[in-house]
Structures are given as C-alpha cells and as structure tokens.
Amino acid sequence: MAEGDIEDFIEQNRHLAELVDTFRGLSESEKQWKARRAFLFRNINDFEDPHIDHLLALSMVWANNVFLGCRYNPDLLEKVKEMAEGIVVEDAPIFRTRDEIMKNQVTTLQNNASPCSQYTRTWTDGNNFGIGLSVV
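Please read these numbers as outputs of a predicted model, since none were measured by experiment. (Residues numbered from 1 in each chain as written. Predicted model: local features only at pLDDT ≥ 70, side-chain atom pairs only at ≥ 80, totals over all residues. Heavy atoms only, no water.)

## Quick notes on the overall build of the protein chain
Piece 1. For the protein chain, the helix and strand inventory stands at 6 helices and 2 strands.
Piece 2. The helix and strand sequence of the protein chain, counted from the amino end, reads α-α-α-α-α-α-β-β.
Piece 3. Sorting the 136 residues of the protein chain into buried and exposed places 29% on the buried side.
Piece 4. Excluding contacts between residues fewer than 6 apart, the proportion of contacts in the protein chain whose partners are at least 24 apart in sequence is 43%.
Piece 5. Within the structure as shown, the protein chain displays about 10100 Å² of accessible surface, and the carbon and sulfur contribution to it stands at 51%. (Helix = DSSP H or I, 4+ residues; strand = E, 2+ residues; numbered from the N terminus. Buried < 20%, exposed > 50% of the residue type's maximum accessible area, 1.4 Å probe, protein only. Contact = heavy atoms within 4.5 Å. Areas by Shrake-Rupley, 256 points an atom, 1.4 Å probe, with all protein chains shown as cover.)

## Details of the pattern of salt bridges
Piece 1. A full pass over the atoms with the stated rule returns 4 salt bridges.
Piece 2. Where Arg37 meets Asp21, a salt bridge forms, and the shortest distance between an N and an O atom there is 2.8 Å. Taken together, the positions of Arg37 in helix 3 (residues 30–43) and Asp21 in helix 2 (residues 14–21) put the pair 16 residues apart, joining distant regions of the chain.
Piece 3. Take Arg37: its relative accessible area is 18%, and that puts it in the buried class. (Salt bridge = Lys/Arg side-chain N within 4 Å of Asp/Glu carboxyl O.)

## Observations concerning the nonpolar core
Piece 1. Of all hydrophobic cores here, the largest spans 26 residues; its most connected members are Phe39, Leu55 and Trp62.
Piece 2. Those elements giving two or more residues to this core turn out to be helix 2, helix 3, helix 4 (52–68) and helix 5 (74–83).
Piece 3. Sort the elements by how many residues they give to this core and helix 4 lands first, with 9 residues.
Piece 4. Not counting the four nearest positions on each side in its chain, Phe39 is found in contact with Leu55, Leu58, Ser59, Trp62, Val80, Met83, Ala84 and Ile87. (Core = buried A, V, L, I, M, F, W, Y, C linked by side-chain atoms within 4.5 Å.)

## Description of helix 3
Piece 1. End to end, helix 3 covers 20 Å across 14 residues, agreeing with the expected 20 Å (1.5 Å per residue, within 8%).
Piece 2. Within helix 3, the full set of buried residues consists of Trp33, Ala35, Arg36, Arg37, Ala38, Phe39, Leu40, Phe41 and Asn43. (Expected span 1.5 Å × (residues − 1).)

## A closer look at the packing of aromatic side chains
Piece 1. Applying the stated criterion to the full structure yields 1 aromatic pair.
Piece 2. With a centroid separation of 5.3 Å and 20 degrees between ring planes, the pair formed by Phe39 and Trp62 is classed as stacked. One end of the pair, Phe39, is in helix 3; the other, Trp62, is in helix 4, and 23 residues separate them in sequence. Here Phe39 and Trp62 have matching classes, each one buried. (Phe/Tyr/Trp six-rings, centres within 6.5 Å; stacked < 30°, edge-to-face > 60°.)

Structure, rendered in structure tokens:
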C-alpha cells in the first residue's frame, strides 16, 4: 500500500485503524511503527479475528528483520517479505554478518598491500621472534 492508499483505507475503516493503533509497541519509533502499521493494514483482511495474533507475530518478524537485522528461518522470511511487498522503508539500516565484514577487511588489506615490501619473521638473540622488514 502506498502512503495515500493507507490514508484512504484508514478513512474508510476507522474502527479497524483504531484497533491497529492499539498494537503499537512502547519501544517502537515513529518510523518503525509507520512501517509495521502499513504491514498490518496490508494484511489484516487475510486474518480472521482469532488469528490476529498470528498477523501481529508476522509483523514483528518483518519489523525485527528490517530494523534490527534479526535472522529467522528462510521460509518464514520469504513469507513476510511477500506480505510486505510494496511497503517502502526509507533509510532502512543495512546489516552485515561477521563473515561479510571479515571478508571485506581481508580484501581491503590485500588490495592495499605494498608490492615492494613485506614483513618477515627473523631469529634474534635468545631465540625470540622479531619482526623485520625485507624489501623484495
């Protein structure tokens, strides 16, 4: 739902909008709530009253993934991403795993290595290792 579509939906379904607004978490920022609220409005007609908790749980999974970088079962993530299709989150954070960060650092170090020198280990007095510089 686009921003205008949500406003139209709210005008036409005031009682439903009031119900959805009761689901806002105390710690949700305005940005997070706006996005999760759009998720709820987009999908609320697909869930009957006794299953509304299921929709709320799915909305939290989606919001936690988008805003906090939480990871879930791939099938579950695929489902909530399909449910959120068309919802635009401006300035959403980008999360990377530790492995992605480490790979990037190794690549950066390799790309920045000087081709004319390298560090080598050398024996010094007392059989201690020291760091020496050898020019190739």
